[in-house]
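Chain by chain, the residues:
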There are 2 protein chains.
Amino acid sequence: MTHVTMETSEGSAGAMGNYYSEEIHGRHEYLDLGDFELAGGITLPNARLAYKTRGTLNDAKDNAVLFPHMWSGTSASMEIFVGEGRPLDPSKYFIIFPGQFANGFSSSPSNTPPPFNGGAFPNVTISDDVRAQHRLVTEVFGIERLELVLGWSMGAEQTYEWAVRYPDMVKRALPFAGTARTTAHDYIFVRSHEDALKSDPAWDGGFYKDQSDVHVGLRRHAQTWSVMGLCPEFYNSEAYRAYGFSSLEDFLHRFWENYFAPMDPNNLIWMGWKWRHGDVSLHTNGDLAAALGRITAKTYVVPFSRDMFFPPEDCEAEQRLIPNSEFRVVDSLWAHFAMFCLADRDREQIDACIGDLLKEHVD
Amino acid sequence: MTHVTMETSEGSAGAMGNYYSEEIHGRHEYLDLGDFELAGGITLPNARLAYKTRGTLNDAKDNAVLFPHMWSGTSASMEIFVGEGRPLDPSKYFIIFPGQFANGFSSSPSNTPPPFNGGAFPNVTISDDVRAQHRLVTEVFGIERLELVLGWSMGAEQTYEWAVRYPDMVKRALPFAGTARTTAHDYIFVRSHEDALKSDPAWDGGFYKDQSDVHVGLRRHAQTWSVMGLCPEFYNSEAYRAYGFSSLEDFLHRFWENYFAPMDPNNLIWMGWKWRHGDVSLHTNGDLAAALGRITAKTYVVPFSRDMFFPPEDCEAEQRLIPNSEFRVVDSLWAHFAMFCLADRDREQIDACIGDLLKEHVD
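Residues numbered from 1 in each chain as written. Chains lettered and ligands numbered in written order. Predicted model: local features only at pLDDT ≥ 70, side-chain atom pairs only at ≥ 80, totals over all residues. Heavy atoms only, no water.

> Would you mind going over the UniProt feature "domain: AB hydrolase-1" (unreviewed entry) in chain A in detail, with residue names and values included?
Here, the residues flagged by UniProt with the feature "domain: AB hydrolase-1" (unreviewed entry) are residues 64-339 of chain A. In this annotation, residues 64-339 of chain A is assigned 37% helix and 9% strand; the end-to-end C-alpha distance for the span is 21 Å. (UniProt positions renumbered as here; feature names shortened; annotations may be inferred. Helix = DSSP H or I, 4+ residues; strand = E, 2+ residues; numbered from the N terminus.)

Shown next as structure tokens:
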């Protein structure tokens, strides 16, 4: 309930000012990446990676947790897992919340000068994010091994990429509600979301003046997203009523449209492209088993029941290919959105996954 | 495989001529409904209901089967269940394939003169269809009781409406992959499909000149529809390859875009509106249990496994409210599209449902 309020107050930022501001998302630090060569072959000049940290890196540098964030928002929403008595206690762990390309703080369509501004921003990939994050972890902090890498949704894609690309650096991996290789079904629904934004003539190939010029596309995208963003049971049981929404239409406007309204359409589209092209098997010529077989981290693969984006069976198929892994399902009416912990029961289950994995002994 | 070919040859009708032609959908007969007062309060002048029949009505008029069709196409696709050795043998049964409003043959946005042409066509409901079909059954054929009413998807909605509105006339009811009252989740996804068509500026409030003017909207709609029209397993296992499609993109273009390309956007939108407003509980002040409790027909409720439009649990919740009913699930990788019987196993299961129900003794 508290968190819904936060989301809707974020939602009003569009009218009030810039959504991608520290007032809304908290203070960020920035790693200057210089001229960063992307996997797609384009070199992005003066690239930067935003990040936040909580807690203190100890002298042994063996208390670091890396928590990449999901599509659309920033790590602000993931900080609910940090705090005294929370699974990520900053008095014990040094928690790094790295940004990612196209999130509005790191190099993005919304903040990059010509020739790569707006619709001309190059395609970015999960591997680009993880290579940039690797520089943050090693060059800025001098960390050789991470106690835990965890993330939700697109953050799970980055978690997998970390565990496959840098297996010796990832002691424990915890991908929530995401996949190591985007499925064909995910690919088409994410593209349909991008197309909903692009369908607004005001999008203009990505060269609109202000994000709010594309408000029709943002609304259309929100309505399309709402369909699989939650699940039939959520809507059919009118679960939104318990969170202060008075009808289905009220929920669609005040939750979904409000959530996306202040965001930058291009940022969403470029992050969507990145999402649907996520694929750790690019490391192994398309052999997913070989790629996942590289993982040495103790891994919990944790899908959310009723998740229409990442059905548990898709996640389980990948878990079977990961040597030292376990499969756990978080049961939630909030489907893919269980990670927002709007229900106490969701928070308890997710907390337990993080807490239990951190307790696992790993050599 | 044969049927895919038929669908794709239908698909090319857009370029060749009028999709809503007897060359493509077979010969229809028409019932002149005169000035037909719709549930929404508008009187539609010179309304008409298209229909087809197979077999011969016997003297006792007790061998009639009514088979309303689904959204988008016509009953042409359902005739695969009729024939010698098929579950609906025309040497034994008199099979009526009634049309429905907005299907392009019956009164529709595409064929109605001003003031109700195109975007000005009035909203039509499942109850309007069933009242028109009732006139066909009683006034044209003098039938007092139907041996079986069956239908798929929106045809299932009409089957439920028949069984609730005219319980004494329906001896057996067989709704495949559909619901008696549209769920909230169905409501939002069907509306998102309508909105994909409307998003094309060429749609122009429904007042385009030729359906092909809206080809961008039709393509966008096809791509959106493809996401839930089948299921993750279908796409992820590349099941389309067994049907002659060489890749995901090939399937999306040659199956989905081709399927919708020749259709009239308004007809799809008006049938969509009808679909998402289907609700037998309008008979009982919103009390679904009371409405379904009226059904006296022996009823099989038959969802399709993996159906993302009508999940089996949604259908089962309704089945529990129907006195003399059974619940059967057809297991198919084709999800909602099992009814096209593209897999032999789908046809066998569906045939068995029809055959078994017809064998049930009903007083």
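> How would you sum up the nonpolar core? Please name residues and give values.
The biggest cluster of nonpolar side chains holds 244 residues, and the ones touching the most others in it are Phe176(A), Trp256(A), Phe176(B) and Trp256(B). Beyond its immediate chain neighbours, meaning those up to four positions away, Trp256(B) contacts Ala222(B), Trp225(B), Ser226(B), Gly229(B), Leu230(B), Tyr235(B), Phe251(B) and Phe337(B). (Core = buried A, V, L, I, M, F, W, Y, C linked by side-chain atoms within 4.5 Å. Buried < 20%, exposed > 50% of the residue type's maximum accessible area, 1.4 Å probe, protein only. Contact = heavy atoms within 4.5 Å.)

> How would you explain the interface of chain A and chain B if you had to name every residue and give the values?
Taken together, the contact between chain A and chain B spans 28 residues of the former and 28 residues of the latter. A combined buried area of about 2200 Å² lies between chain A and chain B, and 65% of that area is made up of carbon and sulfur atoms. Interface area lost by chain A to chain B is led by His185(A), Ile188(A) and Val227(A), which between them contribute 25%. Inspection of the chain A/chain B interface yields 2 salt bridges. Notably, a salt bridge pairs Glu249(B) with Arg191(A), separated by 2.9 Å at the nearest N-O pair. Where chain A packs against chain B, one counts 8 residue pairs in polar contact (both at pLDDT 80 or more). For the side of chain A that touches chain B, the element with the most residues is helix 6 (residues 184-198) of chain A, which contributes 7 residues. Residue composition of the side of chain A that touches chain B, grouped by class: 14 nonpolar, 8 polar and 6 charged. (Buried area = accessible area lost by both parts, 1.4 Å probe. Salt bridge = Lys/Arg side-chain N within 4 Å of Asp/Glu carboxyl O. Polar contact = N/O pair within 3.5 Å; in protein donor to acceptor, adjacent residues only side chain to side chain. Nonpolar A, V, L, I, M, F, W, Y, C, P; charged D, E, K, R; others polar.)

> I'd love a proper account of the packing of helix 6 (residues 184-198) of chain B against helix 7 (residues 215-229) of chain B, names of residues and values included.
All names here are of chain B. Contact pair helix 6 / helix 7: the axes reach a minimum separation of 7 Å and the direction vectors enclose 155 degrees. What the angle tells us is that helix 6 and helix 7 run roughly antiparallel. In contact with His185, Phe189, His193, Ala196 and Leu197 of helix 6, helix 7 contributes Gly217, Leu218, Arg220, His221, Thr224, Trp225 and Met228. In terms of residue class, the contact of helix 6 with helix 7 is built from 6 nonpolar, 5 polar and 1 charged. (Axes fitted to C-alpha atoms, helices over the stretch in contact; angles between N-to-C directions. Parallel < 35°, antiparallel > 145°, perpendicular 65-115°, else oblique.)

> With reference to specific residues and values, describe the pattern of salt bridges.
Taken as a whole, this structure holds 44 salt bridges over all chains when the rule is applied. Here Asp351(A) ties to Arg86(A) by a salt bridge, and the two come within 2.5 Å at their closest N and O atoms. Residue Asp351(A) is located in helix 13 (residues 344-359), and its partner Arg86(A) is located in the loop between strand 3 (64-66) and strand 4 (94-98); the two are separated by 265 residues in the primary sequence. Where Glu194(B) meets Arg276(B), a salt bridge forms, and the shortest distance between an N and an O atom there is 2.7 Å. Here Glu194(B), found in helix 6, pairs with Arg276(B), found in helix 10 (residues 265-276); they are 82 residues apart in sequence, far enough to count as distant. Overall, Arg276(B) belongs to the buried group, its relative accessible area being 8%. Sharing partners across several salt bridges, the network here consists of Glu233(A), Arg306(A), Asp331(A) and Arg345(A).

> Explain empty space enclosed by the protein to me, using residue names and the numbers behind them.
Within the structure shown, the criterion is met by 5 cavities of 30 Å³ or more. Looking at the largest cavity, its volume works out to about 120 Å³. Lining the largest cavity are Ser192(A), Asp195(A), Ala196(A), Arg220(A), Gln223(A), Thr224(A), Ser192(B), Asp195(B), Ala196(B), Arg220(B), Gln223(B) and Thr224(B). Taken together, the elements giving at least two residues each to the lining of the largest cavity come down to helix 6 and helix 7 (215-229) of chain A together with helix 6 and helix 7 of chain B. (1 Å grid on protein atoms, 1.4 Å probe; cavity = no way out; pocket = protein on both sides within 12 Å on 5 of 7 lines; lining within 4 Å. Points joined across faces, edges and corners; volume = space filled by probe spheres on them.)

> If you had to explain the pairing of strand 4 of chain A to someone new, which residues and values would you point to?
All names here are of chain A. Within strand 4, 5 of the 5 residues are buried, leaving the element largely enclosed by the surrounding structure. Neither face of strand 4 is left uncovered, since the one carrying Phe94, Ile96 and Pro98 and the one carrying Ile95 and Phe97 both have all their residues buried. Pairing geometry for strand 2 (residues 43-54) and strand 4, over 4 bridges, is antiparallel. In the sheet register, Lys52 faces strand 4, and the bridge partner there is Phe97. (Pairing = 2+ DSSP bridges.)

> Outline the packing of aromatic side chains, listing residues and values.
Evaluation of the coordinates by the stated rule reveals 78 aromatic pairs over all chains. For Arg276(A), the ring lying beneath its charged end belongs to Tyr187(A), and the centroid distance is 4.9 Å. (Phe/Tyr/Trp six-rings, centres within 6.5 Å; stacked < 30°, edge-to-face > 60°. Lys NZ or Arg CZ within 6 Å of the ring centre and 35° of its normal.)

> How would you explain the packing of helix 6 of chain A against helix 10 (residues 265-276) of chain A if you had to name every residue and give the values?
Residue and element names in this part refer to chain A. At a closest axis distance of 9 Å, the pairing of helix 6 and helix 10 adopts a crossing angle of 165 degrees. The angle between helix 6 and helix 10 falls in the class roughly antiparallel. Judged by the twist between their axes, the crossing of helix 6 over helix 10 is left-handed. Facing Asp186, Tyr187, Phe189, Val190, Arg191, Glu194, Leu197 and Lys198 of helix 6, the residues of helix 10 in contact are Pro265, Leu268, Ile269, Gly272, Trp273, Trp275 and Arg276. Here the contact of helix 6 with helix 10 is built from residues that sort into 9 nonpolar, 1 polar and 5 charged. (Left-handed = near helix turned anticlockwise from the far one by under 90°.)

> Lay out the relation of the copies chain A and chain B in plain terms, naming residues and giving numbers.
The operation relating chain A to chain B is a screw motion whose rotation component is 180 degrees, with 0.0 Å of axial translation and a residual RMSD of 0.0 Å. Taken together, the rotation and translation describe the operation of a two-fold axis. For chain A, the residue whose C-alpha comes nearest the rotation axis is Ser199(A), separated from it by 3.3 Å. A shared interface surface links the copies, since 100% of the contact residues of chain A are contact residues in chain B too. (Least-squares fit on C-alpha atoms with pLDDT ≥ 70 in both.)

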